[in-house]
Amino acid sequence: MHSETNQFAFYFDQNRCHGCQTCVVACKDWNGVNPGPAKWREIHDVEVGDYPTPENNWANLEVFIAVYSCMHCENPACVDACVYKAIYKRQSDGIVIIDRNKCQGLGACIRACPYSAPKVADDAQEVPTLPKGSFTNGHAAQKCNFCIDRVYHEPEPGKPKLKPTCVGACLTRALDFGTLQELKAKYPDAVSIADGTVPGFPADNKGSDGRTLAKRTNPSILVKLRNK
Amino acid sequence: MRKSITNCFSKLSEENGISRRSLMKSLMAIGATSALYGCGSGGETEYIALEGSLDPEPEPPKIVEEVVAGMAPHNCGGSCLTKVHVRNGVIKRVTTDETPEKHFLAPKYSDDYGDLPQERNCPRCRSTKSWIYGTNRLMYPLIQTKERGNLAGFRRATWEEAADYIKAKYEYIRKKGPGYYSPFSTGAWGANQMGAQNTYFAGVSAFSQRNNYSWPCFDFLSGIVGTRSGTPPYGDGWDHMMHCDEIVLWSSNITENILTNQSSWYLRQFRELGKKFTIVEPRFHQTAVNMADKFLPVIAGTDGALVCALIYVMLKEKRDLLHKLYNVSNNTDLRREVSKWIYGFFDSSPDDDAYVYPADSDGFATNPKSVGPNNSYRYYSGADKTTFETTHRVIPGGSFSAYILGGSETDPCNQGASIYPDSIGYNANPPGMFPNMLGDPSGKIDPLYGKRGKCYGQVAKTPEWAEKITGVKADDIRELAHKFLTKNVNVTICGGIQRTSESEYQIWALYVMLYFARCFGRSGRNYGILGMRNSQSYSGGVSSGIQSTQWSSNATPAAFVTQLRDDIPNSVIHDLGSENGYVKLDPSNKKFMTAAKSAAVSGVANRLGDTHAYTLPLNPGSAGSVAIVNWLDYVEASQSTNTFPDPVGRRGQVKASNHFNTQVMGAAVPVNAITASFAGSLLNQSPDTNHAVRVYTATDDTLKDSTSVPGVPWAQINPNGYKIGFLYHYECVMSPSVRWCDVILPGTAQFERFQIPSQMRLDAAKAGFTHKAVNPPGEALPEIAMDWPIAKAHGRGDNFFGTDSTYKGVGVNMYEQAYDFEYKVWENRFRSTPRGMTMKEWSKVGMVRDVDDLLKQTKVAPQEENWRNDPSNTANGYMRNTVSGRVEAFSTAMMELYESRFFPNIDHDESARLKNNAQLYSKNTKALADANPGDNYQNKGRIVYPIPMYVPIMEGIHAAPDDDPVYGHPDPMELHKPENGGYTNQFMCWHPMIRAHSSFSSVPLLCELKYWKRNSKGESTYPNRKITNANAGADHFDLKETDVFAPSVWQDDVYETAWFHPLTKYADGRDIKEGDVVVVSSLRGKILVSAHISQRVRPRLVTVGQGSWYDPINTVNHGNVDRGGCVNTLFKTRGSRINQCTTFACDCRVKLEKFIPHPNDER
């Protein structure tokens, strides 16, 4: 069973991120995801306050950025939602994998995921992999796999293994990767986003379609809160 | 399922040359790993769908590509490390530096502590694969067979045909009386290649660009008011910034525009080390998002008012702290101390030494023909250099501080209250002066003629006054002034503050304020342009292994250049005529001719002998150059056959300028050819894109020439009769700037050839090398091949690539020959390499850094520190440019410079008369005064004053409404009035991280990012996204020899995102909604954008990132619009007030309408 000692997780410092989207591009590039609507990582931003003017009594403005991909949750709602059992969670490291061979493109995983992490391409992004029908546009779902090749293999003989490409790409070093246990030890003030109070991160108790989930998903990410 | 497997098998089999069976076997051996991956990102990505359920935890795939290191080739301050992962000749992935790093946040004395960051690249270089395999790569030479700009008119040519065409055009323009311009070429995808063009055109060279494009106003001011030694002020090195308490980023969005390497990470470290950040900026930009402790929302173009209020607070409200800062106890001592470093901050006192302004023999004090010690420009008196026409003191009430306090009060250090008026005039084209005035299609008179702005001479510049102008809270101004007086404040300035019509005054004022606040020459208490010192010190000769790495940035083979230079007869270097405001190139002056030709052939013709950019008109160093913002005006004036009596009465007959630019009026040689390489400035970055198109497509029936081109029978010399007879470009992509050219040569991108990134983009302690990783597409050739047609035109084409290999024509190893030759050129060029490495060793690592050097080069520059310690010491050239040897807050030279460019400098409006019957001296106005004794000329107002007053920009806004008579923006052209167009909003642009100027606007991986390209519903859109395999060739570019170019670069329903505050309205009062397609109009043009509603911009401000590609279409409801959203479509070619030097990216009023499409709109 995976546990905090072996569950891979992300760390995100919301103070450091300024929204450059380098991680978004790096993710697509490393994983061979062509330009198009399937984006494994996406940026979300929340503006709190107003642009300061005398009319609004010199309001303060703060911008919260949240950039995330699949959270590889402890209880992934996508796994339960898929009637074809095309999504599974690895026992050894907690990585959630979509088996595109089994996926029938119904999109239930996307609706169930609080973060809409699974994505579907269009025909210009990849050659259709499925028959098109009323429930499918012909493309199997896809999403982040924690750059599993980078974290398990030496990039070149004798070189150390690498963290996911988004982590290595971040200009302000806002991202980190490790097991939950490692990250908790390294960033003791980082918190879970599960309750939905961290700006930009939805709560883990509802799918992206708004329906309440049977179980909270408990995403595998720790966030350092802004100005904390 | 199986279908996708089969497809991928066949692809992999082709690439690897292995059988399907063996491939199947190997894939099965690695289990279901491929379920996680595409089979190749250089080609079409397909997911290999294997039976993942057979093994729930398959072995992850291995990383098998070969890694090749390199660096950014484009115009970027980053010079970060980029690695491409290559498999079977195709780039599959792009990564960056992932070696262990040292940083300041680590525990001191730990192994991780230090200044050696990973050189991480940003989205631009991360998308390298997307550039290289983009749909709009140029693969073959193309020749335009129809009218310019018609994409369907381009026909594929062979290199031989292109060379013949270029040769024929060369002969044509040479016969016609050649005038030639080479615009700023950034080397968008490669090195700056102006050298090669200028080699070719040295024989017809007419003029080039004055100033640099990036820092024209800073450069200009450094020569006139003295800020360091003739260059932009160098900002601090990173570890020097660590010694400050506060960091002010003034007009410095440096994490997004990547002013220098790893800026966002360095700044972030400083913030976490406890430095406080104040952001002074109109936009709450990307840097503000994670840096701002305090955000001062200054309205674009009102920085000067903010500066004045800061000084007011220091003088009036915090005098005790000011005394403390200067370590004095009374005002007499304060005045004496300030005057040691700054001239004219206070009025002169009777017991001051007289300040000597020299009177040069040709009439202008600022004429630097007299060259001082160390080749500096000091101003000596008359011909015998001993006599002086007059002496000067800053007259009572004439100093900058008197201006700050206004007409009602007098500072204890001054002799009187401000003498300056409240309003100011402009030099503009008077009606009837130029009956065929160019540049105004409507035929109306110059909208600026007779109009007046404000200069607030009698107003006290209180924080409350400034609040209503700048939009910055008065108490925040007080707080910032307090910080300057009490803390170690480090100020970083960047280029955006220059992009207005009053940039010289405003930056000058900022400089003076910073010197007055003692923000210079101390560790942690300094100001400047970040990174400048780093790049500058590269040539400083620090003798470490890396620092001694030296090269020339010119890719032209030295031997060829030498031969060619010797061939150029002096007689063909055109005499531009000193009477026209430009230097006469005297063929009998052997020394200068040699220098001029050397400059032309060595790739620096844009600075033809020019030491630095303030180049005066009679300065031999300025050889026929114009500021970049003027050059379209210059071209039109030069081509005009009409002449007019000189309105200034000093030069006889002159040409018509669009904007009463008296230098342009002197244009003599009709510009007949323009060549460029990687030059967005040709059109998309030109000061006014519509103006550029008008210039490029201007015709004259008498010039029509349908003669067939020898060797290219299907092409004609000048069938349309274009006034600019030749437009030529070498590029990698079909950009808007390329689109209007006659012939296009296809270039190689980064990683398709060897490349040493320009030293301008490198830190002092870093040397970079980019190795070739893949072959270029089609017949694209390395830059060196661009010189081949040049050589051919000079009869040397047959053996161009060296004696060992003979050119045999396109398709026969031309790429290899060019590539090998270029490699040899690079190899020969190095006088040394980092740490004595071989080229091979260097190319393997891509980048070499030296920690010791990083530490060395970040110390305070010694000359700055010395000058602070002893202001009488101007050794090392520090402050050498000013008459006084000090920073000048009062500069007669500024007025005389302006006058020496033939600009009239009298404001005849009676309201502008100086108060208290004050008399301002300048040489030219004194001459007028002598000639008109009854008019009290020296008491009249001026267009350019000797102090940096706050003058609202031409098309700006104030925080107060336009109709507020006291604080409202003067809006001199009354553009806010409905009858003049109702332009009530302000527009500005910025340098977005996803583009480098106009480079990368079409890169699919960047277009799709949030807040960039969107469709008419406001959704992300995905233009240009077929990623092609370089080996297979892009289908629509794989033209047959007789095919025309099939355009697919610009697409329908793709818009650039613009940012609007929720309170910003359409002209009809309706709300702008998220995702609306908005028509943004200025006096010059219209663009279409997708609206994003945000609190990050102020009400009435519209912002769009620069560099989106111009794509004009005709619409039924809105006329001609640029649906590409190129911001330069909105801007103007009028120069800034004093130096005429900068583009107006923050000086543009616009109105907003909702776009109403029509079925008959052009697609």
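In what follows, the structure referred to is the one given above.
Here's what I pulled together on the structure shown here.

Analysis parameters
- Think of each chain on its own: its residues are numbered from 1, step by step along the sequence as written.
- Whichever chain is written first becomes A and whichever ligand is written first becomes 1, with later ones labelled in order.
- It should be noted that, the model being predicted, local features are given only for residues of pLDDT at least 70 and side-chain atom pairs only at 80 or more, the latter also being counted only at that level, while totals for whole chains, interfaces and linings use all residues.
- As a convention, hydrogens and water are excluded, and side-chain values are obtained from all of the structure's heavy atoms.
- Note on classification: 1.4 Å probe, protein chains only; a residue is buried when its accessible area is under 20% of the maximum for its type, exposed when over 50%, partly exposed between these limits.
- A run of H or I in DSSP becomes a helix once it reaches four residues, and a run of E becomes a strand once it reaches two; helices and strands are each numbered from the N terminus.
- Note on pairing: DSSP must find at least two bridges between two strands before they are called paired.
- Throughout, an axis means a line fitted to C-alpha atoms (over the contacting stretch in the case of helices), and angles, computed between N-to-C directions, take values from 0 to 180 degrees.
- Throughout, a contact is declared for two residues whenever any of their heavy atoms are within 4.5 Å.
- Two distance rules govern patches: like charges are joined within 9 Å, and nonpolar side chains (Val, Leu, Ile, Met, Phe, Trp, Tyr) within 5 Å, applied only to residues with over 30% relative accessible area and no salt bridge.
- With residues, only the protein chains shown are counted as cover, and all accessible areas are computed by Shrake-Rupley using a 1.4 Å probe.
- Any carboxyl oxygen of Asp or Glu within 4 Å of a side-chain nitrogen of Lys or Arg constitutes a salt bridge here.
- Using a 1.4 Å probe, buried area is obtained as the accessible area two parts lose upon being combined, added over both of them.
- Here a polar contact means two N or O atoms within 3.5 Å. Within protein one must be a hydrogen donor candidate and the other an acceptor candidate, and residues neighboring in sequence count only if both atoms are side-chain atoms.
- Our angle categories are set so that under 35 degrees counts as roughly parallel, over 145 as roughly antiparallel, 65 to 115 as roughly perpendicular, and the remainder as oblique.
- Note: crossing handedness is left-handed where the near helix turns anticlockwise from the far helix by less than a right angle, and right-handed where it turns clockwise.
- Three residue categories are used. Nonpolar comprises Ala, Val, Leu, Ile, Met, Phe, Trp, Tyr, Cys and Pro, charged comprises Asp, Glu, Lys and Arg, and polar comprises the others, including Gly.
- Residue types Ala, Val, Leu, Ile, Met, Phe, Trp, Tyr and Cys, when buried and joined through side-chain atoms within 4.5 Å, form a set referred to as a nonpolar core.

All names here are of chain B. Counting buried residues along strand β8 (residues 246-250), five of its five residues qualify, which places the element largely inside the surrounding structure. Covered by surrounding structure in β8 are Glu 246, Val 248 and Trp 250 together with Ile 247 and Leu 249, the residues of both alternating faces. One ladder, built from five bridges, connects β8 with strand β9 (residues 276-280); its direction is parallel. Counted as the bridge partner of Trp 250 is Val 280 from β9. Both β8 and strand β16 (residues 489-493) contribute to a ladder of five bridges, which runs parallel. When the sheet's bridge partners are listed, Val 248 is paired in β16 with Val 491.

A few words on the sheet that holds strand β3 (residues 90-96) of chain B. On the basis of which strands lie adjacent, the open sheet formed by three strands has the order β1-β2-β3 (chain B) and antiparallel pairing. Two strands bound the open sheet, and with one partner strand each, they are β1 (66-71) and β3 of chain B. Neighbour-to-neighbour, the strand axes of the sheet open up by a mean angle of 30 degrees, direction not taken into account. Alignment of β1(B) against strand β2 (residues 81-87) of chain B, held across six bridges, turns out to be antiparallel. Following the sheet pairing, Gly70(B) is matched in β2(B) by Thr82(B). Against the sheet, helix α1 (residues 22-30) of chain A engages β2 and β3 of chain B, with an angle of about 145 degrees to β3(B).

Before going further, it helps to spend a moment on a nonpolar patch on the surface. Residues and elements named next belong to chain A. Among the surface-exposed residues, Val 83, Tyr 84, Leu 106 and Phe 135 lie close enough to one another that they form a single nonpolar patch of about 430 Å² accessible area. Among the secondary structure elements, Tyr 84 is positioned in the loop between α2 (77-81) and β4 (87-89). What makes Tyr 84 partly exposed here is its relative accessible area of 42%.

Between side chains of opposite charge, pairing is possible as soon as their charged atoms come close. For the structure on display, the rule yields 62 salt bridges over all chains. Of the charged contacts, one joins Glu502(B) and Arg1137(B) as a salt bridge, the two residues approaching to 2.8 Å between their closest N and O atoms. Residue Glu502(B) is located in the loop between β16 and α18 (503-516), and its partner Arg1137(B) is located in the loop between β35 (1119-1122) and β36 (1148-1154); the two are separated by 635 residues in the primary sequence. For the pair shown, Glu502(B) and Arg1137(B) are each scored as buried. Shared partners join several salt bridges into a network, and the residues in it are Asp13(A), Arg16(A), Arg268(B) and Glu272(B).

Okay, the interface of chain B and chain A next. Facing 83 residues of chain B, the contacting portion of chain A comprises 73 residues. For the pair chain B and chain A, the summed buried surface comes to about 6600 Å²; carbon and sulfur atoms form 52% of the total. At the surface where chain B touches chain A, the tally comes to nine salt bridges. The residue Asp149(A) makes a salt bridge to Arg93(B) at a minimum N-O spacing of 3.3 Å. Where chain B touches chain A, the interface holds 31 residue pairs in polar contact (both at pLDDT 80 or more). Broken down by secondary-structure element, the contributors of at least two residues to the side of chain B that touches chain A are β3, α3 (123-126), α10 (263-272), α11 (286-291) and α32 (1004-1007) of chain B.

Glancing now at the packing of helix α12 (residues 303-317) of chain B against α18(B). All names here are of chain B. Put simply, α12 and α18 touch, their axes get as near as 8 Å, and they point 25 degrees apart. Viewed along their axes, α12 and α18 adopt a mutual orientation that is roughly parallel. Handedness of the crossing formed by α12 with α18: left-handed. Within the contact between the two elements, α12 uses Asp 303, Gly 304, Val 307, Leu 310, Ile 311, Met 314 and Leu 315 and α18 uses Gln 506, Ala 509, Leu 510, Met 513 and Phe 516. Here the contact of α12 with α18 is composed, by residue class, of nine nonpolar, two polar and one charged.

On to the nonpolar core. Soluble globular proteins tend to pack their nonpolar side chains together in the buried interior. All names here are of chain B. In this structure, Trp 250, Phe 345, Phe 400 and Phe 484 are the most contacted members of the largest nonpolar core, which totals 175 residues. Setting aside residues no more than four positions away along its own chain, Phe 345 makes contact with Ile 311, Leu 315, Val 338, Ser 399, Phe 400, Ser 401, Val 512, Phe 516 and Ala 889. In terms of nonpolar packing, the next biggest core, distinct from the first, is built from 37 residues, Ile 143, Trp 159, Ala 773 and Ala 785 among them.

Right, let's talk about helix α22 (residues 631-639) of chain B for a bit. For α22(B), the buried fraction is high: nine of the nine residues fall into the buried class. Taken residue by residue, α22(B) has Trp631(B), Leu632(B), Asp633(B), Tyr634(B), Val635(B), Glu636(B), Ala637(B), Ser638(B) and Gln639(B) as its buried positions.

Residues and elements named next belong to chain B. The pairing of strand β34 (residues 1112-1115) with β35 spans four bridges and is classified as antiparallel. Directly across from Asn 1114, in β35, lies its bridge partner Asn 1120. Linkage of β34 to β35, two consecutive antiparallel strands, is achieved through a turn of three residues.

What follows covers unusual backbone geometry. Residues and elements named next belong to chain B. Unusually for a residue other than glycine, Ile 258 sits at a positive phi of about 50 degrees. Within the secondary structure layout, Ile 258 lies in the loop between α9 (254-257) and α10. Judged by its relative accessible area of 8%, Ile 258 falls in the buried class. Positive phi, normally seen in glycine, also occurs at Asp 971, with a value near 40 degrees. Inspection of the secondary structure puts Asp 971 in the loop between α31 (923-931) and β29 (985-990).

Keep in mind that these numbers describe shape and distance, not what the molecule does.
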